[in-house]
Amino acid sequence: MKTLLQLNTSLFSTGGQSSQLADQFVAAWRANNTDARVIARDLASKPLPHLDAERFLAYTASAEERSPKQQALVAESDVLIDEIRQAELIVLGLPMYNFGIPSTLKAYFDHIARAGVTFRYTANGPEGLLGGKKAYVFAARGGLYAGTPRDSQTTYVSDFLAFVGISDVEFVYAEGLNMGEPRKQAALADARQRLHELAA
């Protein structure tokens, strides 16, 4: 059975343009994969706490040395890692806020980046342990950023996913959404056309 993990990160939850594009892709993909399983996680309705010293020390402590509180913190991270391990396909709805990714997505990344679990250090540098997956990123932006120095999202998200072993990543952009209704509708139509092609 195929498994897809959907991560929506818009602060508007299912109302965000990036979430709607991700939802439309998943619906089209499910129509072509009727026996598949979808794991959905909305980081707006169920945000994760940001990384702090207590959590970081819990992650880096050896299993036998963890306190009960540290074990509970690690168990929360383990749930997220188990979800992404199960998935062959990852779908990410990604809005741009102040030239960067939503802080809730950064928190998610911090929860799943664990040495010896999702990546390991080797003599040749870090090696990701979540290989064999494909990721689609549906990026909604108010302005025009793709291919410019101001697009910090694409590089950061690609680099992080590659760091944990997911190097097959495709971005679908819907840009200029705050630059007038005609441009917005054209951008969304192009993104919808592309997502249906990818879901086929």
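This text goes with the structure placed above it.
Every value quoted in this text rests on a predicted model; they were computed, and no experiment measured them.

## As for the packing of aromatic side chains
Aromatic ring pairs are defined here through the distance separating the ring centres and the angle between the ring planes.
Moving on, step 1. A full pass over the atoms with the stated rule returns 9 aromatic pairs.
Moving on, step 2. Seen in terms of ring centroids, Phe-25 and Tyr-136 are 5.1 Å apart; in terms of plane orientation they differ by 55°. Their pairing is tilted. One end of the pair, Phe-25, is in helix H1 (residues 17–32); the other, Tyr-136, is in strand S6 (residues 134–140), with 111 residues separating them in the sequence. For the pair formed by Phe-25 and Tyr-136, the shared burial category is buried.
Moving on, step 3. Relative to Phe-138, the ring of Phe-25 has its centre 5.4 Å away and its plane inclined at 40°; by these criteria the two rings are tilted. Taken together, the residues span a long stretch of sequence, with Phe-25 in helix H1 and Phe-138 in strand S6 at a distance of 113 residues.
Moving on, step 4. Above the ring of Tyr-59, the side-chain terminus of Arg-114 is found at 5.4 Å from the ring centroid.

## A short note on the side chain of Gln-70
Moving on, step 1. With respect to the secondary-structure elements, Gln-70 resides in helix H3 (residues 68–86).
Moving on, step 2. By relative accessible area, Gln-70 is classed as buried at 18%.
Moving on, step 3. Only 3.0 Å separates the side chain of Gln-70 from the backbone nitrogen of Ser-67, close enough to count as a polar contact.
Moving on, step 4. Apart from the residues within four sequence positions on either side, Gln-70 is in contact with Leu-57, Ala-58, Ala-61 and Glu-65.

## Comments concerning a nonpolar patch on the surface
Moving on, step 1. A surface patch of nonpolar side chains, about 280 Å² in accessible area, is lined by Leu-51, Phe-56 and Leu-57.
Moving on, step 2. With a relative accessible area of 44%, Phe-56 lands in the partly exposed category.

## What to know about the nonpolar core
Moving on, step 1. The biggest cluster of nonpolar side chains holds 27 residues, and the ones touching the most others in it are Leu-5, Ile-84, Leu-105, Tyr-108, Val-157 and Ile-166.
Moving on, step 2. Counting only elements with at least two residues in this core, the list comes to strand S1 (3–8), H3, strand S3 (89–95), helix H4 (103–112), S6 and helix H5 (152–163).
Moving on, step 3. When residues of this core are assigned to their parent elements, the largest contribution, 5 residues, is made by H4.
Moving on, step 4. Once residues lying within four places of it in the same chain are set aside, the contact partners of Ile-84 are Leu-5, Ile-90, Tyr-108, Ile-112, Leu-130, Lys-133 and Ile-166.

## A word on the packing of H3 against H4
Geometrically, a packed helix pair is captured by the angle between its two axes and the distance between the axes.
Moving on, step 1. Direction vectors running N to C along H3 and H4 enclose 90°, while the axes themselves pass 8 Å from each other. Here H3 lies roughly perpendicular to H4, going by the angle between them. For the pair formed by H3 and H4, the contact residues are Ser-77, Leu-80, Ile-81 and Ile-84 on the first element and Tyr-108, His-111 and Ile-112 on the second.
Moving on, step 2. Here the residues of the contact of H3 with H4 are counted per class, giving 5 nonpolar, 2 polar and no charged.

## Structural notes on the packing of helix H2 (residues 53–60) against H3
Moving on, step 1. Here H2 crosses H3 at 85°, and the two axes come no closer than 9 Å. The angle between the axes of H2 and H3 places the two elements in the roughly perpendicular class. Along its contact with H2, which presents Glu-54, Arg-55, Leu-57, Ala-58 and Tyr-59, the element H3 presents Lys-69, Gln-70, Leu-73, Val-74, Glu-76 and Ser-77.
Moving on, step 2. Grouping the constituent residues of the contact of H2 with H3 by class yields 5 nonpolar, 2 polar and 4 charged.

Definitions and limits used
Residues numbered from 1 in each chain as written. Predicted model: local features only at pLDDT ≥ 70, side-chain atom pairs only at ≥ 80, totals over all residues. Heavy atoms only, no water. Phe/Tyr/Trp six-rings, centres within 6.5 Å; stacked < 30°, edge-to-face > 60°. Helix = DSSP H or I, 4+ residues; strand = E, 2+ residues; numbered from the N terminus. Buried < 20%, exposed > 50% of the residue type's maximum accessible area, 1.4 Å probe, protein only. Lys NZ or Arg CZ within 6 Å of the ring centre and 35° of its normal. Polar contact = N/O pair within 3.5 Å; in protein donor to acceptor, adjacent residues only side chain to side chain. Contact = heavy atoms within 4.5 Å. Patch = residues over 30% accessible without salt bridge, like charges linked within 9 Å, V, L, I, M, F, W, Y side chains within 5 Å. Areas by Shrake-Rupley, 256 points an atom, 1.4 Å probe, with all protein chains shown as cover. Salt bridge = Lys/Arg side-chain N within 4 Å of Asp/Glu carboxyl O. Core = buried A, V, L, I, M, F, W, Y, C linked by side-chain atoms within 4.5 Å. Axes fitted to C-alpha atoms, helices over the stretch in contact; angles between N-to-C directions. Parallel < 35°, antiparallel > 145°, perpendicular 65-115°, else oblique. Nonpolar A, V, L, I, M, F, W, Y, C, P; charged D, E, K, R; others polar.

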